Amino acid sequence: VSARRFGDYLVSTDPGDIDLDVVVDFLSNSYWAEGRDHATQARANAASRCYSVLDGAGDRAQVGFSRVVTDDTTFAYVADVFVLPAHRGRGVAAFMLRCLLDDLGPVTRTMLGTRDAHALYESVGFVPLVAPERWMERPSH
Ligand SMILES: CC(C)(COP(=O)(O)OP(=O)(O)OC[C@H]1O[C@@H](n2cnc3c(N)ncnc32)[C@H](O)[C@@H]1OP(=O)(O)O)[C@@H](O)C(=O)NCCC(=O)NCCS
């Protein structure tokens, strides 16, 4: 899939467009991936479909990121979603997520976790767990 344009922004799925420094700088300071290092993120990215938002008006600097782990059939897990502060509030995250979800096609189940961005994900079709008693997780620590 070639880059998709949203105003001055481009959404790219080319792994070569990922600026690992930008991604790790943001994620290592986030509440969900605190301290994540370059090698860990590179390993996760390599096993994911990654979405990079580039500033198409300027120097194509990376301003947003997300990734999805999926079998393209029954299951998808969306992770590491962010837009840098200077570019928020313009619909960039929603557009990036629409690109990611469009590419998934008819996947049976698409999941994610969030602390406070529920409204963002509701805007692209997510709802809270309908039957949380049917779900389990296996904490790593
Ligand atoms: C959350 C985040 C990705 C949103 O990026 P954004 O480009 O500003 O989002 P958009 O402009 O596409 O917002 C689309 C809709 O999502 C909702 N939304 C956006 N940011 C939100 C937030 N932080 N909390 C709740 N709802 C939010 C709004 O309803 C918005 O609709 P509106 O434009 O009618 O107000 C960005 O604020 C960010 O990177 N935050 C820090 C990292 C983070 O929390 N990531 C999510 C982890 S699960």
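First things first, this report covers the structure right here in the doc.

Conventions and cut-offs
- Residues numbered from 1 in each chain as written.
- Predicted model: local features only at pLDDT ≥ 70, side-chain atom pairs only at ≥ 80, totals over all residues.
- Heavy atoms only, no water.
- Phe/Tyr/Trp six-rings, centres within 6.5 Å; stacked < 30°, edge-to-face > 60°.
- Helix = DSSP H or I, 4+ residues; strand = E, 2+ residues; numbered from the N terminus.
- Buried < 20%, exposed > 50% of the residue type's maximum accessible area, 1.4 Å probe, protein only.
- Near = heavy atom within 4 Å.
- Polar contact = N/O pair within 3.5 Å; in protein donor to acceptor, adjacent residues only side chain to side chain.
- Areas by Shrake-Rupley, 256 points an atom, 1.4 Å probe, with all protein chains shown as cover.
- Nonpolar A, V, L, I, M, F, W, Y, C, P; charged D, E, K, R; others polar.
- Pairing = 2+ DSSP bridges.

1. A word on the packing of aromatic side chains
Alright, step 1. Inspection of every chain in the model, using the stated rule, returns five aromatic pairs.
Alright, step 2. Between F6 and F95 the ring centres are 4.7 Å apart and the planes differ by 15 degrees, which places this aromatic pair in the stacked class. Of the two residues, F6 is situated in strand 1 (residues 4-6) and F95 in helix 3 (residues 92-104); the sequence distance between them amounts to 89 residues.
Alright, step 3. Overall, the relative accessible area of 15% leaves F95 in the buried class.
Alright, step 4. A centroid spacing of 6.3 Å and a plane angle of 35 degrees characterise the contact between F65 and F82, whose relative ring orientation is tilted.

2. A short note on the site of the ligand
Alright, step 1. Residues in close proximity to the ligand total 20 residues, the closest being V81, V83, G89, G91 and A94.
Alright, step 2. At 2.7 Å from an oxygen atom of the ligand is found a main-chain nitrogen or oxygen belonging to G89.
Alright, step 3. One of the backbone nitrogen or oxygen atoms of A93 is found 3.0 Å away from an oxygen atom of the ligand.
Alright, step 4. For the ligand, the accessible surface in isolation is 870 Å², of which the surrounding protein chains cover 68%.
Alright, step 5. Of all the elements in the fold, those that place two or more residues in the shell around the ligand are strand 5 (75-83), helix 3 and helix 4 (118-122).
Alright, step 6. Grouping the constituent residues of the shell around the ligand by class yields 13 nonpolar, four polar and three charged.

3. Notes on unusual backbone geometry
Alright, step 1. Of note in this structure, R60 is not a glycine but carries a positive phi near 60 degrees.
Alright, step 2. Mapped onto the secondary structure, R60 falls in the loop between strand 3 (49-55) and strand 4 (62-70).
Alright, step 3. The partly exposed category is assigned to R60, whose relative accessible area is 44%.
Alright, step 4. Its identity is not glycine, yet D72 carries a phi of approximately 60 degrees, on the positive side.
Alright, step 5. Within the element layout of this structure, D72 appears in the loop between strand 4 and strand 5.
Alright, step 6. Judged by its relative accessible area of 38%, D72 is partly exposed.

4. So, the environment of M111
Alright, step 1. Among the secondary structure elements, M111 is positioned in strand 6 (residues 109-111).
Alright, step 2. Given a relative accessible area of 15%, M111 falls into the buried group.
Alright, step 3. In sequence terms M111 and F26 are 85 residues apart; their C-alpha atoms lie 22 Å from each other.

5. Digging into the pairing of strand 4
Alright, step 1. Among the nine residues in strand 4, seven count as buried, and that is most of the element.
Alright, step 2. Where strand 3 meets strand 4, six bridges bridge the pair, whose relative direction is antiparallel. From the neighbouring strand, V53 faces strand 4, where its bridge partner is G64.
Alright, step 3. Two successive antiparallel strands, strand 3 and strand 4, enclose a turn made up of six residues, where R60 displays a positive phi of approximately 60 degrees.
Alright, step 4. Relative to strand 5, strand 4 is paired through six bridges, and the arrangement is antiparallel. Bridge pairing in strand 5 links V68 to V78.
Alright, step 5. Between the antiparallel neighbours strand 4 and strand 5 lie four residues, among them D72 with a positive phi of about 60 degrees.

By themselves, these are just geometric observations and shouldn't be taken as functional.
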